[in-house]
Amino acid sequence: MTVTLDHVAIATPDLETGSAPYLALGLTPEGPDEEVASQGVRVRAFEVGETLIELLAPTRPDSPIAAFLERRGPGLHHTAYQVADLDAEMARLGAAGARFLSQAPTPGRAGTRVAFLHPKWGAGTLIELVEHPAGEPGAGTEPESAAP
Ligand SMILES: CC[C@H](C(=O)O)C(=O)SCCNC(=O)CCNC(=O)[C@H](O)C(C)(C)COP(=O)(O)OP(=O)(O)OC[C@H]1O[C@@H](n2cnc3c(N)ncnc32)[C@H](O)[C@@H]1OP(=O)(O)O
Ligand SMILES: [Co+2]
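Here the structure is a predicted model, which is why all the values come from computation and not from measurement.

Some remarks on the site of ligand 1
(1) Moving on: Ligand 1 sits among 22 residues. The nearest are Arg71, Arg72, Arg109, Lys120 and Glu128.
(2) Moving on: Here Lys120 contributes a side-chain N or O atom positioned 2.6 Å from an oxygen atom of ligand 1.
(3) Moving on: Within the side chain of Glu128, a nitrogen or oxygen atom sits 2.8 Å from an oxygen atom of ligand 1.
(4) Moving on: Contact with the protein chains hides 71% of the accessible area of ligand 1, taken as 1,100 Å² for the molecule alone.
(5) Moving on: When residues of the shell around ligand 1 are traced back to their parent elements, those giving at least two are strand 3 (41-48), strand 4 (51-58), helix 2 (64-72), strand 5 (75-83) and strand 8 (126-131).

Shown next as structure tokens:
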């Protein structure tokens, strides 16, 4: 099974501040900012080749990003990998002892289904799995153009 990096997430107090280095590097947002209420975040994604930089700013005090910023300040927050079948991956990894932060997938950016693994399981890194069913375009890729 090939594992694909979906995005690298950065916690920032606000999207304008967080965007500065990526704009200076010549990156451009892949689309409009998105609010994901269930996570209490506003998201801005920059395409970098086949993957994304995902900027996350808190929209409310009880957002996990607000807690992260409070405790650790802005910077690297998590890495995310694409899986074709999230339910199957959660069952497989769960049976092998992996520690998920929720029993079921939760809504992610761009209508995806996502699940997070505890940072202790991730050897100190918060790891997210993002479902991209086989054949669907992944992060940072143009949807397959229809065959001529
Ligand atoms: C819009 C969706 C988007 C997408 O991709 O589609 C997103 O990615 S949304 C991202 C925001 N949502 C989340 O992060 C949800 C999952 N996160 C959580 O449930 C919490 O943030 C959690 C459990 C990872 C940490 O919560 P909290 O800090 O309240 O717990 P602790 O203080 O007990 O921390 C436990 C332990 O983990 C360390 N920690 C916390 N956050 C991170 C992190 N991002 N990376 C690495 N380590 C982290 C923390 O320091 C504690 O370690 P310890 O050694 O005990 O101090
Ligand atoms: Co993410």
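Here's the deal with the UniProt feature "domain: VOC" (unreviewed entry) in the protein
(1) Moving on: The residues that UniProt annotates with the feature "domain: VOC" (unreviewed entry) are residues 4-132.
(2) Moving on: Helix makes up 22% of residues 4-132 and strand 38%, and the two end C-alpha atoms of the span are 10 Å apart.

Points about the sheet that holds strand 4
(1) Moving on: If you trace the eight strands from one edge of the open sheet to the other, you get 2-3-4-1-5-8-7-6, paired in mixed fashion. If you trace the sheet from one side to the other, it starts and ends with strand 2 (34-36) and strand 6 (106-107), each paired once.
(2) Moving on: One ladder, built from four bridges, connects strand 7 (residues 113-117) with strand 8; its direction is antiparallel. Each residue of the ladder has a partner; that of Leu117, found in strand 8, is Ile127.
(3) Moving on: Packing against the sheet, helix 2 makes contact with strand 1 (4-11), strand 3, strand 4 and strand 5, and its axis sits at approximately 85 degrees to strand 4.

Description of helix 3 (residues 86-95)
(1) Moving on: Within the sequence span of helix 3, burial applies to Leu86, Glu89, Met90 and Leu93. Buried residues in helix 3, looked at end-on, bunch into an arc of 100 degrees, giving them a common side.
(2) Moving on: Among the structural elements, strand 5, strand 7 and strand 8 are those in contact with the buried residues of helix 3.
(3) Moving on: Its side-chain oxygen at 3.2 Å from the backbone nitrogen of Asp87, Asp85 defines the N-terminal cap of helix 3.
(4) Moving on: Where helix 3 terminates, the next one or two residues include Gly97, which has phi positive at roughly 100 degrees.

Comments concerning the pattern of salt bridges
Two side chains that carry opposite charge are able to pair once their charged atoms sit near each other.
(1) Moving on: Scanning the model with the defined rule gives 10 salt bridges in all.
(2) Moving on: Between Arg113 and Glu131 there is a salt bridge; the shortest N-O distance is 2.7 Å. Of the two residues, Arg113 sits in strand 7 while Glu131 sits in strand 8, which places them 18 residues apart along the sequence.
(3) Moving on: The class for Arg113 is partly exposed, based on a relative accessible area of 33%.
(4) Moving on: According to the relative accessible area criterion, Glu131 is buried, its value standing at 13%.
(5) Moving on: When salt bridges that share partners are traced, they join Glu16, Asp33, Glu35, Arg42 and Arg44 into one network.

What counts and what doesn't
- Residues numbered from 1 in each chain as written.
- Chains lettered and ligands numbered in written order.
- Predicted model: local features only at pLDDT ≥ 70, side-chain atom pairs only at ≥ 80, totals over all residues.
- Heavy atoms only, no water.
- Near = heavy atom within 4 Å.
- Polar contact = N/O pair within 3.5 Å; in protein donor to acceptor, adjacent residues only side chain to side chain.
- Areas by Shrake-Rupley, 256 points an atom, 1.4 Å probe, with all protein chains shown as cover.
- Helix = DSSP H or I, 4+ residues; strand = E, 2+ residues; numbered from the N terminus.
- UniProt positions renumbered as here; feature names shortened; annotations may be inferred.
- Pairing = 2+ DSSP bridges.
- Contact = heavy atoms within 4.5 Å.
- Axes fitted to C-alpha atoms, helices over the stretch in contact; angles between N-to-C directions.
- Buried < 20%, exposed > 50% of the residue type's maximum accessible area, 1.4 Å probe, protein only.
- Arc of directions from axis to C-beta.
- Salt bridge = Lys/Arg side-chain N within 4 Å of Asp/Glu carboxyl O.

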